[in-house]
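Structure assessment
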2 protein chains.
Amino acid sequence: MKHLSILSIALMISMNLNAQQPLTAEQSDPKVMGWMQGFPPAKDRTVSLFDGTFFEFPALRYSVCHMREFFPTKVVKSADNDRYQFDEALDSSISKIEFMPLGEKKAMTFEESLAKNYTDGILILHKGKVVYERYFGELTADGTHAVMSVSKTFTGTLGAMLLAEGILDEHKLVKEYVPELANSAFGDATVRQVLDMTTSLDYSEDYADPKADVWIFSAAGNPTPLPKDYTGPTNYYEYLETVKKAGEHGKAFGYKTINTDAMGWIISKVTGKSIPNLLSERIWRPIGANFDGYYQIDRAGIAFAGGGFNANLRDLGMFGEMIRKDGYFNGKQVLPKAAIADIRKGGNQADFAKAGYSNLKNWSYRNMWWMSHNANGAFSARGVHGQTIYIDPKAEMVFIRLASHHTASNTANDPYSLPAYQAVADYLMKK
Amino acid sequence: MKHLSILSIALMISMNLNAQQPLTAEQSDPKVMGWMQGFPPAKDRTVSLFDGTFFEFPALRYSVCHMREFFPTKVVKSADNDRYQFDEALDSSISKIEFMPLGEKKAMTFEESLAKNYTDGILILHKGKVVYERYFGELTADGTHAVMSVSKTFTGTLGAMLLAEGILDEHKLVKEYVPELANSAFGDATVRQVLDMTTSLDYSEDYADPKADVWIFSAAGNPTPLPKDYTGPTNYYEYLETVKKAGEHGKAFGYKTINTDAMGWIISKVTGKSIPNLLSERIWRPIGANFDGYYQIDRAGIAFAGGGFNANLRDLGMFGEMIRKDGYFNGKQVLPKAAIADIRKGGNQADFAKAGYSNLKNWSYRNMWWMSHNANGAFSARGVHGQTIYIDPKAEMVFIRLASHHTASNTANDPYSLPAYQAVADYLMKK
């Protein structure tokens, strides 16, 4: 086997779940399983980065709340002072709201959906107040959780911010900002094409294929020692330099993580700051985040912009609420209004349709946000295993869900999530 | 070469510094050196865990402020609310205080001693107020720094706390608390002997000897993948089980890190909590620490109790001041008065003398604190490369120094430190 990153191996195993019925949320609760309990933990209850348990269900239910205990990480500093505290207007009747799962004929309550989706934490804000908040399994109110590809949305939002501030030009080619990428597929893509993932890259993110490019990318970012015979790229950036084009940019949406890491590189080049430092300075501290977040990093100290962020539930709520309020939050204009407007106008739906997401009809992708184009104008950030920020402007609602679903793809939880969000929105609009 | 931990290899290299004059503090400032600057950093300015640069001077001057970026770590949570803020009564004339370095004939100013000792951060408290505070090189007011063996003092203080609370009995044998250690050297040692390091262990901590036991201990704690042919202990605890006796316990002081890790195991067994969690719950949060600290951990998630703690300068000052005030700080009795009294009564000076520390005449070691038995009753926590907490009860002074001296052993900086502390104490007593 090649020099795969551990995360990669674990994701691979997680994709190969056998056909047996997986454990329920209650059965797979890390405290019930006993992961990493005792001094020392029992061998068969030790979660290890190196034997496949780390990101395999059910151990991943433990890992997502403890990522820093497995990897080198870089801090995203929280606010020193002016730490934001939400007002609360808790409404337990939200638990009883019923909705019809996509493709099913039997209604489910919102509370039932939480276990169905292996929810670790859920926060619902209405008009900026906490109306619902629950923690399950390994997540605590003062804990952090891997947000997986929700990380992309943070990178994309920083990109939109720099566009609005005139520091980046969406029409310029990537090679003008990152000369090292001139000969790669990214070289002649525009910043806009990278931000909206309409680049055309010879890159496979099919985790089920051991020869897929994603494994080479993962190996490059693996911070453990290199095998003696290894000759490949040794950090994320070196990998990006090797990516080849596969057609013409700007023709179709193609969800490929490496766009975000290329965007991260562009952002660091023009600002002179790492993604964790810039995110802290421009967003995390201004919104008044209460807890340090952090990124997984590679051996060159480069943060995994496409999937390595970890954060606290309420802090994510502050971010979502700031976006809902057009960038104004915690007594200040955190992000330019124009940046949020550029997110909200959405991407090209025809380009998006070509990617064939059956649960996401008429959606688009803009600045690394998923835009529903529904009647409420909802848009969201999405990460594997159920990570979600869902903003419904019409219902004045922000939804944060952190989860550890046994199946990576959100196609597994969308049927029990998207209609549930709509049902809660409908309820809140009637209040 | 055996499967050595990276920290070990780096320490080894650091011990083998060539005879040339090392760079000065100014020359070796990480910002001057350019470590990890740029996107990506230049190859010859990339600090790597795997090529020897990580803990080799001058790169270690960068590393000590970024340990989490190299290792898996476990958080020591700071206070959510009730975060302590020091009052200030800054006195810049402290810079000009003169003292005579040990064994020299030319006086030096206090300010000159800071560069001489490769100081990264210094905080002096007098009667609980900040009278002096400086940051150099890579350390910032909101940053953290490796405290190295000052970690031992935190473990020892938790031990003293549990003795004072009757949860531990100093006369009991280690095997009564940790049955796994029954057949090791620790099995028939008392808790007191472990706390005061008067055990007799067949264990060499001579970093210059590649066959020294410390390398096996380090390899056991190394969180990177195990070589295929590796058959040794795979975590800190497994290593402790293999340690053999070398004579009779209780006869002499012998400074051996593994005593602290054995003590950490005892503490976790009786409390059911990891050292990071217990430290957070019982000390870090109650004193009102402003910043999360963290520990380096092994592949079983066990914190390196003997040397793996990282913390913020002012937060360390809060800890020191709490100790000086007999456990009372931030409006509450954080630790039992009896625990502090037990530290202050000191250890056996005759036992200590057998270890032959030329700069530490008449000192002793108690609950993992270094006791000076000088006229002011000063006592301290000490870590390699110059880490120090120095408490002078008579002068009502607490000194915190974080540093990255080119030489690991404190014998290199003591001549420019111990008389400097005394000179500042003398000055403050006259104010």
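In this text the structure is predicted, and so the values were computed from the model without any measurement.

With respect to helix 11 (residues 275-284) of chain B
All names here are of chain B. Burial within helix 11 is extensive, with seven of its 10 residues counted as buried. Looking at the buried positions of helix 11, the neighbouring elements they touch are strand 1 (73-76), helix 5 (150-164), helix 10 (258-271), strand 7 (293-296), strand 8 (309-311) and helix 12 (313-324). Capping the start of helix 11, serine 274 holds a side-chain oxygen 3.2 Å from the backbone nitrogen of asparagine 277, two or three residues further along.

Comments concerning the packing of aromatic side chains
Residue and element names in this part refer to chain B. In total, this model carries 70 aromatic pairs over all chains according to the counting rule given. Ring centres of phenylalanine 54 and phenylalanine 55 lie 5.3 Å apart, and the angle between their planes is 45°; this geometry places the pair in the tilted category. For the pair phenylalanine 54 and phenylalanine 55, a shared accessibility class is recorded, and that class is buried. Their ring planes at 40° and their centres at 4.8 Å tell us that phenylalanine 253 and tyrosine 365 sit as a pair that is tilted.

A look at helix 11 (residues 275-284) of chain A
Here helix 11 of chain A has its buried residues at Ile275, Pro276, Leu278, Leu279, Ser280, Ile283 and Trp284 of chain A. Buried residues in helix 11 of chain A make contact with strand 1 (73-76), helix 5 (150-164), helix 10 (257-271), strand 7 (293-296), strand 8 (309-311) and helix 12 (313-324) of chain A.

Focus on the sheet that holds strand 13 (residues 379-383) of chain A
Residue and element names in this part refer to chain A. Ordered in space as 5-4-15-14-13-12-11, the seven strands form an open sheet in which the pairing is antiparallel. Whereas interior strands pair on both sides, the edge strands pair on one side only; in this sheet they are strand 5 (129-135) and strand 11 (364-366). The mean angle between the axes of side-by-side strands here comes to 20°, regardless of whether they run parallel or antiparallel. Across five bridges, the pairing between strand 13 and strand 14 (residues 387-392) is antiparallel. Within strand 14, the position partnered with glycine 383 by the bridge is glutamine 387. Packing of helix 12 onto the sheet brings it into contact with strand 4 (119-126), strand 5, strand 12 (369-371), strand 13, strand 14 and strand 15 (397-403), and relative to strand 15 it is tilted by some 145°. Set on the sheet, helix 15 (residues 418-430) makes contact with strand 4, strand 13, strand 14 and strand 15; between it and strand 15 the angle comes to about 145°.

Some details on the interface of chain B and chain A
Across the contact, 43 residues belong to chain B and 43 residues belong to chain A. Its largest share of buried area at the contact with chain A, chain B owes to Phe39, Arg68 and Glu69 of chain B, together 24% of the area lost on that side. Where chain B packs against chain A, one counts six salt bridges. One salt bridge in this structure joins arginine 285 of chain A and aspartate 142 of chain B, with 3.7 Å as the shortest N-O distance. Taken together, the links from chain B to chain A amount to 12 residue pairs in polar contact (both at pLDDT 80 or more). Those elements giving two or more residues to the side of chain B that touches chain A turn out to be strand 1, helix 9 (236-241) and helix 10 of chain B. Across the side of chain B that touches chain A, the residue classes break down as 20 nonpolar, eight polar and 15 charged.

So, how was this worked out
- Residues numbered from 1 in each chain as written.
- Chains lettered and ligands numbered in written order.
- Predicted model: local features only at pLDDT ≥ 70, side-chain atom pairs only at ≥ 80, totals over all residues.
- Heavy atoms only, no water.
- Buried < 20%, exposed > 50% of the residue type's maximum accessible area, 1.4 Å probe, protein only.
- Helix = DSSP H or I, 4+ residues; strand = E, 2+ residues; numbered from the N terminus.
- Contact = heavy atoms within 4.5 Å.
- Polar contact = N/O pair within 3.5 Å; in protein donor to acceptor, adjacent residues only side chain to side chain.
- Phe/Tyr/Trp six-rings, centres within 6.5 Å; stacked < 30°, edge-to-face > 60°.
- Pairing = 2+ DSSP bridges.
- Axes fitted to C-alpha atoms, helices over the stretch in contact; angles between N-to-C directions.
- Buried area = accessible area lost by both parts, 1.4 Å probe.
- Salt bridge = Lys/Arg side-chain N within 4 Å of Asp/Glu carboxyl O.
- Nonpolar A, V, L, I, M, F, W, Y, C, P; charged D, E, K, R; others polar.

On their own, these measurements won't tell you what the molecule is for.
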